[in-house]
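Structural overview
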Amino acid sequence: MGLGWSSSEERESLLPPQPRVAAGGPLAPQLRRDLAPAAAAAVPRLAPAPGRVYGRRWLVLLLFSLLGFAQGLVWNSWGPIQNSARLAFGFSSWDIALLVLWGPIGFLPCFAFMWLMDKRGLRVTMLLTSSLMVLGAGLRCVPLSDITIRKRLIHGGQLLNGLAGPTVMNAAPFLSTTWFSPDERATATAIASLLNYLGAACAFLVGPLVVPSPNGTSHLPLASESNSEHIKDRIEAVLYAEFGMVSLIFAAALAYFPSRPPFPPSVAAASQRLSYRRSFCRLLSNFRFLMIALAYAIPLGVFSGWSGVLDLILTPVHVNQVDAGWIGFWSIVGGCVVGIAMARFADFIRGMLKLILLLLLFGATLSSTWFTLTCLTSVTHLPLTTATLYTSCILLGIFLNSSIPIFFELFVETVYPVPEGITCGVVTFLSNMFMGVLLFFLTFYHTELSWFNWCLPGSCLLSLLLILCFRESYDRLYLDVVVSV
């Protein structure tokens, strides 16, 4: 089933003997320092390193992507239907914000999952993650009449689902390097990472369409108790459906999900990586990595928190939960589609990740500024219409979400040979910490949300400036297309 790594004999044809310098040491590190700029310029003219890819890689990618989709769907279950959840389960604004906050809280043991992935491989990590999600989704479905205990179980289920976040959000570059050739890596990273956001987007669609809002139940009996019971039944139907989907994905992964192929697809996939401890030392001492880590973590953390409570933010401007759900849905779906297209374009041209990020972040800055000023109708007098809200939010989602796989690929290229799971684990941990801090303030100061809108253009502009000052390098790509030639 492809559970073992290739042997040294199998790697001989893929990893040619390296020439030696006069002192007797390997030449590759010296070549990387001296010739990397020239090699980067020659990258578009060089063919990828020879390797072996397997058709099963698409099945592995599909299972991992579906798990990420389910995790995002479960995490964002409550924000789009917060008004209905208040009536059915007695949730307060504090409860709604906390249900979203369990996502970033679940990243606190992120480094333990990174260690597990580095030591035991992707299969063990995948099975542990999916089992946590099954347990969490099951807890939310326990039929109890005591509403207080039921609320606690729902919170516990959201926390367990949040603990799955480090794997589904960090492991995409690790999976793409392990299974895919150099000219497919960015595309595979985009699919594996963006399906998590697509799941969150579908929550904006499924929730409001299946669960009626308190103001949209006029066809029901006028008694509020009947309305409440009907809404509660519809919410429970959504919870059962999500539990069934997560269980099927877990069963499929248990049946077949190999950690790695029998033979690596590239030189980089077969090369030795730094240890867990040395990787953190390398990351924390690399100023260039810290720059792009902040450039990713700040705007994406703000945007994720903002998306999770979009219904609360749009309520003061008289947007109902159905319209807010459609706005959130199309903003993330647009980002996923454009993100995969951008990643495929990056695979085609190679060596242009910084330029792509600059264009995306510039567009995100403009669209977030437009949305924020539109909400200040008393000051700016800009037209506040459904069309302007849809357009500004969708453009913001397209520009920010499509930057995620480009960021991931740039992280890995910058700090190679640090393992991909550790690299992306650090940056997603930072992103979720930013989101957690913002949601913490929102939890206790939920009566005033205008400051949350201003965080969007400010964070995008800061990220744009950091990327502008960043000096890019492509060490992993250099190894694949130059050293092996």
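Keep in mind the model is a prediction, meaning the values are calculated, not measured.

Rules behind the numbers
- Residues numbered from 1 in each chain as written.
- Predicted model: local features only at pLDDT ≥ 70, side-chain atom pairs only at ≥ 80, totals over all residues.
- Heavy atoms only, no water.
- Helix = DSSP H or I, 4+ residues; strand = E, 2+ residues; numbered from the N terminus.
- Buried < 20%, exposed > 50% of the residue type's maximum accessible area, 1.4 Å probe, protein only.
- Contact = heavy atoms within 4.5 Å.
- Areas by Shrake-Rupley, 256 points an atom, 1.4 Å probe, with all protein chains shown as cover.
- Patch = residues over 30% accessible without salt bridge, like charges linked within 9 Å, V, L, I, M, F, W, Y side chains within 5 Å.
- Salt bridge = Lys/Arg side-chain N within 4 Å of Asp/Glu carboxyl O.
- pLDDT = per-residue confidence, 0-100.
- Phe/Tyr/Trp six-rings, centres within 6.5 Å; stacked < 30°, edge-to-face > 60°.
- Polar contact = N/O pair within 3.5 Å; in protein donor to acceptor, adjacent residues only side chain to side chain.
- Expected span 1.5 Å × (residues − 1).
- Core = buried A, V, L, I, M, F, W, Y, C linked by side-chain atoms within 4.5 Å.
- Axes fitted to C-alpha atoms, helices over the stretch in contact; angles between N-to-C directions.
- Parallel < 35°, antiparallel > 145°, perpendicular 65-115°, else oblique.
- Left-handed = near helix turned anticlockwise from the far one by under 90°.
- Nonpolar A, V, L, I, M, F, W, Y, C, P; charged D, E, K, R; others polar.

Before going further, it helps to spend a moment on the overall build of the protein. What the protein contains, in helices and strands, is 24 helices and 0 strands. Within the protein, buried positions represent 60% of all 485 residues. Taking contacts inside the protein between residues at least 6 apart in sequence as the whole, the part at least 24 apart equals 86%. Here the protein displays about 19000 Å² of accessible surface, and carbon together with sulfur accounts for 68% of that area.

On the surface, a nonpolar cluster with roughly 240 Å² of combined accessible area is contributed by Leu 59, Leu 62 and Leu 66. Here Leu 59 is to be found in helix H3 (residues 57–75).

Let us look at the pattern of salt bridges. Summed over all chains, the structure comprises 8 salt bridges. Here Glu 236 and Arg 150 are joined by a salt bridge, their closest N and O atoms 2.9 Å apart. Of this pair, Glu 236 sits in helix H12 (residues 224–255) while Arg 150 sits in helix H8 (residues 147–163), placing them 86 residues apart in sequence. For Glu 236, a relative accessible area of 17% corresponds to the buried category. You can call Arg 150 buried: its relative accessible area is 1%.

Turning to the confidence of the model for the protein, a few remarks are in order. One rule of thumb: low pLDDT means the predicted coordinates there are not for detailed reading. Of the residues in the protein, 80% reach a pLDDT of 70 or more, and the chain-wide mean stands at 79. Low confidence marks residues 1–49, where pLDDT is under 50. Its contacts with residues over four positions away, or in another chain, come to 82 contacts. For the stretch residues 216–223, pLDDT sits under 50, and the model shows 8 contacts to residues farther than four places along the chain or on other chains.

Turning to the packing of aromatic side chains, a few remarks are in order. Where two aromatic rings form a pair, the distance of their centres and the angle of their planes describe that pair. On inspection of all chains with the given rule, the structure shows 13 aromatic pairs. A ring pair is formed by Trp 58 and Phe 180, whose centres lie 5.1 Å apart and whose planes are at 75°; its orientation type is edge-to-face. Of this pair, Trp 58 sits in helix H3 while Phe 180 is found in the loop between helix H10 (172–179) and helix H11 (185–210), placing the two residues 122 residues apart along the sequence. Its relative accessible area of 0% is what places Phe 180 among the buried residues. Of the aromatic side chains, those joined through ring pairs into one cluster are Phe 289, Tyr 296, Phe 407, Phe 408 and Phe 411.

A few words on the side chain of Glu 413. Topologically, Glu 413 is positioned in helix H21 (residues 404–415). For Glu 413, a relative accessible area of 4% corresponds to the buried category. Polar contacts involving the side chain of Glu 413 include one to the main-chain amide nitrogen of Arg 476, which spans 3.1 Å. Once residues within four sequence positions are removed from consideration, Glu 413 is found in contact with Arg 185, Ser 473, Tyr 474, Asp 475, Arg 476 and Leu 477.

Okay, helix H7 (residues 122–139) next. Along an α-helix, residues three or four apart share an orientation, since each turn contains 3.6 residues. If you check H7, its first and last C-alpha atoms are 26 Å apart, about what 18 residues at 1.5 Å a residue would give, namely 26 Å. Taking burial as the measure, the 18 residues of H7 include 13 buried ones, the bulk of the element.

Take unusual backbone geometry next. Going from Tyr 416 to Pro 417, the amide bond is cis rather than trans, its omega being 15°. Note that Pro 417 resides in the loop between H21 and helix H22 (420–444).

Before going further, it helps to spend a moment on the environment of Phe 180. Linking Phe 180 and Arg 52, residues 128 residues apart in sequence, is a C-alpha distance of 8.8 Å. Excluding anything up to four places from it in sequence, Phe 180 contacts Arg 57, Trp 58, Leu 61, Leu 175, Arg 185, Ala 188 and Pro 265.

Right, let's get into the nonpolar core. The biggest cluster of nonpolar side chains holds 111 residues, and the ones touching the most others in it are Leu 175, Phe 257, Tyr 296 and Trp 306. Ranked by residue count, the leading element in this core is H11, at 12 residues. Membership of the second largest hydrophobic core comes to 18 residues, among which are Ile 96, Ile 231, Ile 235 and Val 238.

Once that is clear, we can look at the packing of H11 against H21. Between H11 and H21, whose axes approach to 8 Å, the crossing angle comes to 130°. Of the possible angle classes, the one that applies to H11 and H21 is oblique. For the crossing formed where H11 meets H21, the hand is right-handed. Contact residues: Arg 185, Ala 186, Thr 189, Ala 190, Ser 193, Leu 194 and Tyr 197 in H11; Ile 404, Pro 405, Phe 408, Glu 409 and Glu 413 in H21. Among the residues making up the contact of H11 with H21, the classes are represented as 7 nonpolar, 2 polar and 3 charged.

Further remarks concern the environment of Pro 166. With respect to the element layout, Pro 166 can be found in helix H9 (residues 165–170). Looking at Pro 166, the relative accessible area reads 1%, which means it is buried. Taking the C-alpha atoms as reference points, Pro 166 and Gly 106, 60 residues apart in sequence, are found 7.8 Å from one another. Aside from chain neighbours lying at most four places away, what touches Pro 166 is Gly 106, Phe 107, Cys 110 and Phe 113.

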